[in-house]
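# Breakdown of the fold
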Amino acid sequence: MAESWDGNHDPGSPSEESYHLERLHIEPIYDAFICPLTKQVMQDPVTLENGMTFEREAIEKWFKECRDSGRKPVCPLTHRDLNSTELNPSIALRNTIEEWNARNEAAQIDMARRSLSLGSGEGDIMQALKFVQHLCQKSRSNKHVIRNAELIPMIVEMLRSSSRRVRCKALETLLVVVEDDIDNKEIMAEGDNVRTIVKFLSHEQSKEREAAISLLYELSKSKTICEKIGSVNGAILILVGMASSKSENLVTVEKAENTLENLEKCEINVKQMAENGRLRPLLNLLLEGAPETKLSMAAFLGELVLNNDVKVLVARTVGSSLINIMKHGNMSSREAALKSLNQISSYESSAKILIDAGILPPLVKDLFFVGANQLPMRLKEVSATILANIVNSGYDFDSVPVGSEYQTLVSEDIVHNFLHLISNTGPAIECKLLQVLVGLTSSPTTVFNVVSAIKSSAATISLVQFIEAPQKDLRVASIKLLRNLSPHMGQELARCLRGTSGQLGSLIKVISENTGITEEQAAAVGLLADLPERDRGLTRQMLDEGVFPLVISRVVSIRQGETRGSRFVTPYLEGLVKVLSRITFVLTDEPDAVALCREQNVAALFIELLQTNGLDNVQMVSAMALENLSQESKNLTKLPELPKPGFCVSIFPCLSKPPVITGLCKVHRGTCSLRDTFCLLEGQAVDKLVALLDHTNEKVVEASLAAVCTLLDDGVDIEEGVQILCETEGIKPILDVLLEKRTETLRRRAVWAAERLLRTEDIALEVAGDPNVSTALVDAFQHGDYRTRQIAERALKHVDRIPNFSGVFPNTG
């Protein structure tokens, strides 16, 4: 017996191995059992007329070869002719062989049982596993013999062996044992066995992984076991990874794919696959499953977190079906469809697919419909969320019909309905519908329709009141909407914010919160920044409520690096600077504004902000504010008091000398300072403004040139202003602006500045030799507006391009 289980025997080919296993026996093997042709134990022995016995299949093959070659049938042993090829079954011999086989197989199975233990040698275990494989491959009926002998649990136990060869052979043997045998599969799947096999899928050794996936694929042909495989934590995720792997061999990838296809028989597995990125089975069930299955899949889809690419796939595959369910299904189906559509619509590309699939008309109908079969409020909130997602996709909504009379989302009656819902529903729906209006007012093609509808419905006050809402999301949505509206209805909004109702105070409270910089704060300061800067009443109230010192402190903290890292820092700072600039528009009428600018040294702050490279809006607004401050300098400069002449001078005027007073501002001819009179010269701001004349943003150039031009304005010493620009090398940048002709506003301002510069003879002589400047002035003279043409004409006279017939040039603005 020991020799029969010699583990060192390693047959070279499968046929040799089968023969070796056939020869393993306990009882002696008789020569009569062996077929002379196959040299193997016969299963169906038959006898010829001459008494010779052969395996039926072997002798039939021999006779066929004789016929095919045209020879008479002969006995393969004696080679004598046969009169007949009739085969007589050797029933007695067959029964004897079967009894002998049964006794031997029983003994061999018993030997295998003793060898299949972790204490046995590797050779004995391997030989036992090979024997089990051979026995099952020899006859399908032998599989129940293995089952009855309770060998399956013992083979499973070999999966825990420390020998890789044993583990691989055990996996291969289990595959042979369970193949096409449902009973063996059920036994195989008992206990923790499936989990053990799944572990091999992530094993480093590829042979074990390949054997395990082959076994798992075979087990997955049973629906009952499919549920067990899916219940193993991580099994489906591993299989999905294997099926999509670029590094696995093709056979393993194919087996993993086939296993997943089998696992799709169970809905719970399909849901797990969807969670792990394999969404196609779920979508197929949603399209083709039974009604209850469709409902289940749609509901689950609404709970999934999908990446953007998957949202596009889902929208293309089942978007139309979900919309159809939303239109015609019962309430539970509509709820499931709405939740799924909510997921899909949150990405711009997938939202556009849904629009093309016709989601807008039923969506709007669900929101507005009141009566039997209307959506409950919780689902109207989902509908409003979907609509908010879709509207923020950037689609051209003024061309998409949503009503029976071809209305669009921005038709007046549709917007009126939105406004009605906003005023008569709960905070959640109100917030989403405000977000819808935010999206519609963010587009230049639809904002005017929404503004018109808001004005015609007199809803401005109602919208402004949401600034005081306790819910943060609702406040943010309302502030963002009002900010979008402010360029188009700034006066109305300013009127609503003024007074004692408290909305301005609520905005200020939001801006002043010291919780980092939030989207709400950026939106709130942006709203204030976009209101009409010359609205004196609003600025007066902001002065009274202490807005400007708060704004200054926030600007300074950002400049000093105390606030950083937020994606809302830039819009927040831009808004703060623009809000602060409001104070410079009321200096003439508001002494308190002048006092605050002096106290806070606002001019110095704006000069510093000129150097915030990369923030064009901050530079532009700062230059505008400095223009306003500089315009006020000539009103604030204290002119010197000349001493009264003495007695002798009063009698003899020829003895008088003009008094000399030092320390006066050259441009304003009086006592100046940056803090008290906002003098650009004293603040050394001229060179910084001149540097911005080369900016790529024409709005920054316009504001900077306007500020520089205050040194050449009426009421100041223009000659000194020109001299200062010469010293700061500002003449050429101004003339370059004239040559570039970037915008009509820049040309108008540059022509005005050039005329003032050319009043200086030296500059006029130099420019007269530059044909480019002359050509630019001629172009302005020919094509500018009436005022620009007048100024260009005077400039051309300075360079003798146009005769000065009067002979006198009036020094007027």
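Note that the structure is predicted; figures quoted are calculated from it, not measured. (Residues numbered from 1 in each chain as written. Predicted model: local features only at pLDDT ≥ 70, side-chain atom pairs only at ≥ 80, totals over all residues. Heavy atoms only, no water.)

## Concerning the overall build of the protein
Along the backbone of the protein there are 44 helices and three strands. For 813 residues, the compact-globule formula gives about 28 Å, and the C-alpha radius of gyration of the protein, at 47 Å, lies well above that figure. For the protein, the C-alpha atoms occupy an extent of roughly 175 × 65 × 55 Å along the three principal directions. Scored against the burial criterion, the 813 residues of the protein give a buried share of 50%. Restricting to contacts in the protein with at least 6 residues of sequence separation, those with at least 24 account for 66%. Accessible surface computed for the protein: about 38,600 Å², of which carbon and sulfur atoms make up 48%. Across the protein, the mean location of the 88 positive side-chain charges is 1 Å away from that of the 107 negative side-chain charges. (Helix = DSSP H or I, 4+ residues; strand = E, 2+ residues; numbered from the N terminus. Rg over C-alpha atoms; globule rule 2.2 N^0.38 Å. Buried < 20%, exposed > 50% of the residue type's maximum accessible area, 1.4 Å probe, protein only. Contact = heavy atoms within 4.5 Å. Areas by Shrake-Rupley, 256 points an atom, 1.4 Å probe, with all protein chains shown as cover. Lys, Arg positive; Asp, Glu negative; His and termini not counted. Charge placed at Lys NZ, Arg CZ, Asp CG, Glu CD.)

## Structural notes on the confidence of the model for the protein
Taken over all residues, the pLDDT of the protein has a mean of 87, while the share at 70 or more is 92%. Note that residues 1-23 has pLDDT below 50 and, in this model, 36 contacts with residues that lie over four places away or in other chains. (pLDDT = per-residue confidence, 0-100.)

## Digging into the side chain of Gln 133
Tracing the sequence through the fold places Gln 133 in helix α4 (residues 122-138). Overall, Gln 133 belongs to the buried group, its relative accessible area being 12%. Looking at Gln 133, its side chain comes within polar contact range of the side chain of Thr 173, at 3.0 Å. Here Gln 133 is in contact with Lys 169, Glu 172, Thr 173 and Val 176, once residues within four sequence places are set aside. (Polar contact = N/O pair within 3.5 Å; in protein donor to acceptor, adjacent residues only side chain to side chain.)

## Concerning the sheet that holds strand β2 (residues 53-55)
Reading across from one edge, β2-β1-β3 is the order of the three strands in this open sheet, with antiparallel pairing throughout. On the outer flanks of this sheet lie β2 and β3 (88-89), each paired with one strand and no other. Pairing between strand β1 (residues 45-47) and β3: two bridges, direction antiparallel. Within β3, the residue paired with Thr 47 across the bridge is Asn 88. Each of β1, β2 and β3 touches helix α2 (residues 56-69); the most contacted strand, β2, lies at about 95° to it. (Pairing = 2+ DSSP bridges. Axes fitted to C-alpha atoms, helices over the stretch in contact; angles between N-to-C directions.)

## Examining the domain arrangement of the protein
Entries for the protein in the domain assignment read domain 1 (31-94), domain 2 (357-592) and domain 3 (602-639 + 665-799). Centre-to-centre separation of domain 2 and domain 3, based on C-alpha positions: 37 Å. Counting residues at the interface gives 15 residues for domain 2 and 17 residues for domain 3. Summed over both sides, the interface between domain 2 and domain 3 buries roughly 1,500 Å², with carbon and sulfur atoms accounting for 76% of that surface. Across the pair Arg 559 and Glu 608 runs a salt bridge whose closest N-O atoms are separated by 3.5 Å. There are three residue pairs in polar contact (both at pLDDT 80 or more) connecting domain 2 and domain 3. Of all the secondary-structure elements, those providing two or more residues to the side of domain 2 that touches domain 3 are α30 (547-559) and α31 (569-581). (Domains from an automatic or database assignment. Buried area = accessible area lost by both parts, 1.4 Å probe. Salt bridge = Lys/Arg side-chain N within 4 Å of Asp/Glu carboxyl O.)

## Here's the deal with the packing of aromatic side chains
On inspection of all chains with the given rule, the structure shows four aromatic pairs. Consider the rings of Phe 33 and Trp 100, whose centres lie 5.5 Å apart with planes at 65°: the pair is edge-to-face. Of this pair, Phe 33 sits in the loop between α1 (14-23) and β1 while Trp 100 sits in helix α3 (residues 91-115), and the two are 67 residues apart along the sequence. Ring pairs connect the aromatic residues Tyr 30, Phe 33 and Trp 100, which therefore count as one cluster. (Phe/Tyr/Trp six-rings, centres within 6.5 Å; stacked < 30°, edge-to-face > 60°.)

## Quick notes on the nonpolar core
Core analysis: the largest hydrophobic core is formed by 190 residues, its most contacted members being Leu 301, Ile 359, Leu 360 and Leu 409. No other element matches the 11 residues that helix α26 (residues 472-497) contributes to this core. Both domains that furnish three or more residues to this core are identified here as domain 2 (357-592) and domain 3 (602-639 + 665-799). Counting residues in each nonpolar core, the second largest holds 55 residues, with Leu 151, Val 194, Ile 225 and Met 273 among its members. (Core = buried A, V, L, I, M, F, W, Y, C linked by side-chain atoms within 4.5 Å.)

## What about the environment of Arg 669?
Turning to its location among the elements, Arg 669 is positioned in the loop between α35 (647-651) and α36 (674-677). For Arg 669, a relative accessible area of 42% gives the class partly exposed. When near neighbours in sequence (up to four residues on either side) are disregarded, Arg 669 contacts Leu 639, Pro 640, Leu 664, Gly 715, Val 716 and Asp 717.

## Some thoughts on the packing of helix α14 (residues 267-275) against helix α16 (residues 291-301)
At a minimum axis separation of 11 Å, α14 and α16 run at an interaxial angle of 25°. Considering the angle they form, α14 stands roughly parallel to α16. Note that α14 runs across α16; the crossing there is right-handed. Contact residues: α14 offers Glu 267, Val 270, Lys 271, Ala 274 and Glu 275, while α16 offers Thr 293, Ser 296, Met 297 and Phe 300. Its residues assigned to classes, the contact of α14 with α16 shows four nonpolar, two polar and three charged. (Parallel < 35°, antiparallel > 145°, perpendicular 65-115°, else oblique. Left-handed = near helix turned anticlockwise from the far one by under 90°. Nonpolar A, V, L, I, M, F, W, Y, C, P; charged D, E, K, R; others polar.)

## Some details on the UniProt feature "domain: U-box" (unreviewed entry) in the protein
UniProt records the feature "domain: U-box" (unreviewed entry) for residues 28-107 in the present numbering. From the first C-alpha to the last, residues 28-107 spans 13 Å; its make-up is 39% helix and 10% strand. (UniProt positions renumbered as here; feature names shortened; annotations may be inferred.)

## Things to note about the pattern of salt bridges
Under the counting rule described, the total for this entry stands at 43 salt bridges. For the salt bridge of Lys 64 with Asp 68, the shortest nitrogen-to-oxygen distance reads 2.9 Å. Pair noted here: Lys 64 and Asp 68 are both in helix α2, with a separation of four residues, about one helical turn. Via salt bridges that share partners, Arg 536, Arg 540, Asp 544, Glu 590 and Asp 592 belong to a single interconnected network.

## As for unusual backbone geometry
Phi at Ala 458 takes a positive value of approximately 55°, unusual for a residue other than glycine. Within the fold, Ala 458 resides in the loop between α24 (447-457) and α25 (460-465). In this structure, Asn 601 takes a positive phi of about 50° despite not being glycine.

## Quick notes on the environment of Asn 233
Of note, Asn 233 is situated in the loop between α11 (223-231) and α12 (235-243). The exposed category is assigned to Asn 233, whose relative accessible area is 78%.

## Structural notes on the side chain of Asp 779
Note that Asp 779 resides in helix α43 (residues 771-783). For Asp 779, the residues in contact, after removing those within four places along its chain, are Lys 741, Arg 747 and Gly 784.

## Observations regarding helix α29 (residues 536-544)
All of the buried residues along α29 are Leu 538, Thr 539, Gln 541, Met 542 and Leu 543. On its buried side, α29 packs onto α26, α27 (503-512), α30, α31 and α32 (591-600). Two to three positions downstream of the cap, the backbone nitrogen of Gly 537 sits 3.2 Å from a side-chain oxygen, assigning the N-cap of α29 to Asp 535. Gly 546 lies just past α29 and shows a positive phi near 70°.

## What about the packing of α14 against helix α15 (residues 280-288)?
At a closest axis distance of 7 Å, the pairing of α14 and α15 adopts a crossing angle of 130°. Classed by the angle they form, the pair α14 and α15 counts as oblique. Mapping the contact onto sequence places Glu 267, Val 270, Met 273 and Ala 274 in α14 and Pro 281, Leu 282 and Leu 285 in α15. Broken down by class, the residue content of the contact of α14 with α15 amounts to six nonpolar, no polar and one charged.

## A few points about the environment of Ser 393
Take Ser 393: it is sitting in the loop between α21 (377-391) and α22 (412-424). Along the backbone, Ser 393 and Ser 456 are 63 residues apart, and their C-alpha atoms lie at a distance of 27 Å. Contact partners of Ser 393, with chain neighbours within four places excluded, come to Glu 348, Ala 351, Lys 352 and Ile 355. Separated by 2.5 Å, the side chain of Ser 393 and the backbone oxygen of Ile 390 make a polar contact.

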